[in-house]
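The lines below spell out each chain.
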Amino acid sequence: MKPTLSLIIIGALLLSGCLHNIPSIGEYTENKIGCPIEKQKMRVADSGSYASRIGWQEKTYKLENGNWVYIEPDSKNCLIHWEVNPEGIIVGYKLEGSCR
């Protein structure tokens, strides 16, 4: 086998193994429940984030139960509405759009 073909095959195998570790949007959001919203805000504000690349401006709204919602753009046509308690902890979420 030629060295170039070997490298391509090895690269493809390594890449396919890495892709299995990418969490689904459901796994991602479920794992954030119980975490401080400040960590999400820092992630969204990072210069390499999708939100930064599209020029996203922070959006929030209040809920009648005393909690509030922080909206995070996950990808094109997918928003995550993080429900946050008064202590700043994520207690739930709602997906809006065509999230995958």
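Summarised in this report is the structure supplied together with it. Keep in mind that what you see is a predicted model, and the values were worked out from it rather than measured. Along every chain, residues carry numbers that run from 1 in the direction the sequence is written. A pLDDT threshold of at least 70 governs which residues receive local features in this predicted model, and a stricter bar of 80 or more applies before side-chain atom pairs are shown or counted, although totals over entire chains, interfaces and linings include all residues. Side-chain figures throughout are based on the complete set of non-hydrogen atoms in the structure, without hydrogens or water.

This brings us to the pattern of salt bridges. Should a side-chain nitrogen of Lys or Arg be within 4 Å of a carboxyl oxygen of Asp or Glu, the pair is scored as a salt bridge. Across all of its chains, the model carries three salt bridges by this definition. For Arg43, the salt bridge goes to Glu72, with nearest N and O atoms at 2.5 Å. One end of the pair, Arg43, is in helix 3 (residues 37-45); the other, Glu72, is in strand 2 (residues 68-75), and 29 residues separate them in sequence. Buried residues are those whose accessible area, probed at 1.4 Å on protein chains only, stays under 20% of the maximum for their type, while exposed residues exceed 50% and partly exposed ones sit between those limits. On the basis of relative accessible area, Arg43 is assigned to the partly exposed category, the value being 38%. A residue is classified by how much of its surface remains accessible, and Glu72, at 0% relative accessible area, is buried. Linked by salt bridges that have partners in common, Glu38, Lys41 and Glu58 make up one network. For helices the rule is a DSSP run of H or I covering at least 4 residues; for strands it is a run of E covering at least 2, with both sets numbered from the N terminus onward.

Any two cysteine sulfur atoms lying within 2.5 Å of each other are counted as a disulfide. Summed over all chains, the structure comprises one disulfide. A sulfur-sulfur distance of 2.1 Å marks the disulfide that ties Cys78 to Cys99. Where Cys78 bonds to Cys99 through sulfur, the torsion about that S-S bond is close to 105°, and the disulfide is right-handed. Of this pair, Cys78 sits in strand 3 (residues 78-84) while Cys99 sits in the segment after strand 4 (90-97), and the two are 21 residues apart along the sequence. Take Cys78 and Cys99: they sit in the same class, and that class is buried.

The next subject is the side chain of Asn85. By the secondary structure assignment, Asn85 is in the loop between strand 3 and strand 4. Any two residues having at least one pair of non-hydrogen atoms within 4.5 Å are treated as being in contact. Setting aside chain neighbours within four positions, we find Asn85 in contact with Asn67, Trp68 and Val91.

Right, let's get into the sheet that holds strand 4. For two strands to pair, DSSP has to find at least two bridges joining them. As summarised here, the arrangement of the four strands in space is 1-2-3-4, forming an open sheet in which the pairing is antiparallel. Because the sheet does not close on itself, it has two edges, and the strands there are strand 1 (59-62) and strand 4. Taken pair by pair, the neighbouring strands of this sheet meet at an average axis angle of 25°, ignoring direction. Bridge analysis of strand 1 against strand 2 gives four bridges, and the strand direction is antiparallel. In the strand pairing of strand 2, Thr60 is matched with Tyr70. Note on method: axes are straight lines fitted to C-alpha atoms, helices fitted across the in-contact stretch only, with angles between N-to-C directions ranging 0 to 180 degrees. Packing of helix 3 onto the sheet brings it into contact with strand 2, strand 3 and strand 4, and relative to strand 2 it is tilted by some 35°.

As a further point, take the environment of Trp68. Along the chain, Trp68 falls in strand 2. Take Trp68: its relative accessible area is 22%, and that puts it in the partly exposed class. Remark: the alpha-carbon pair of Trp68 and Glu83, spanning 15 residues in sequence, is separated by 5.8 Å.

With that settled, the discussion passes to helix 3. Considered for burial, the residues of helix 3 that qualify are Ile37, Gln40 and Val44. Buried residues of helix 3, seen end-on, are gathered within an arc of 55° and therefore sit on one face of the element. Turned more than 90 degrees away from the buried face of helix 3, the exposed residues are Lys39, Met42 and Ala45. The directions considered for the arc are those from the helix axis to the C-beta atoms.

Everything listed here is a matter of geometry and, on its own, says nothing about what the molecule does.
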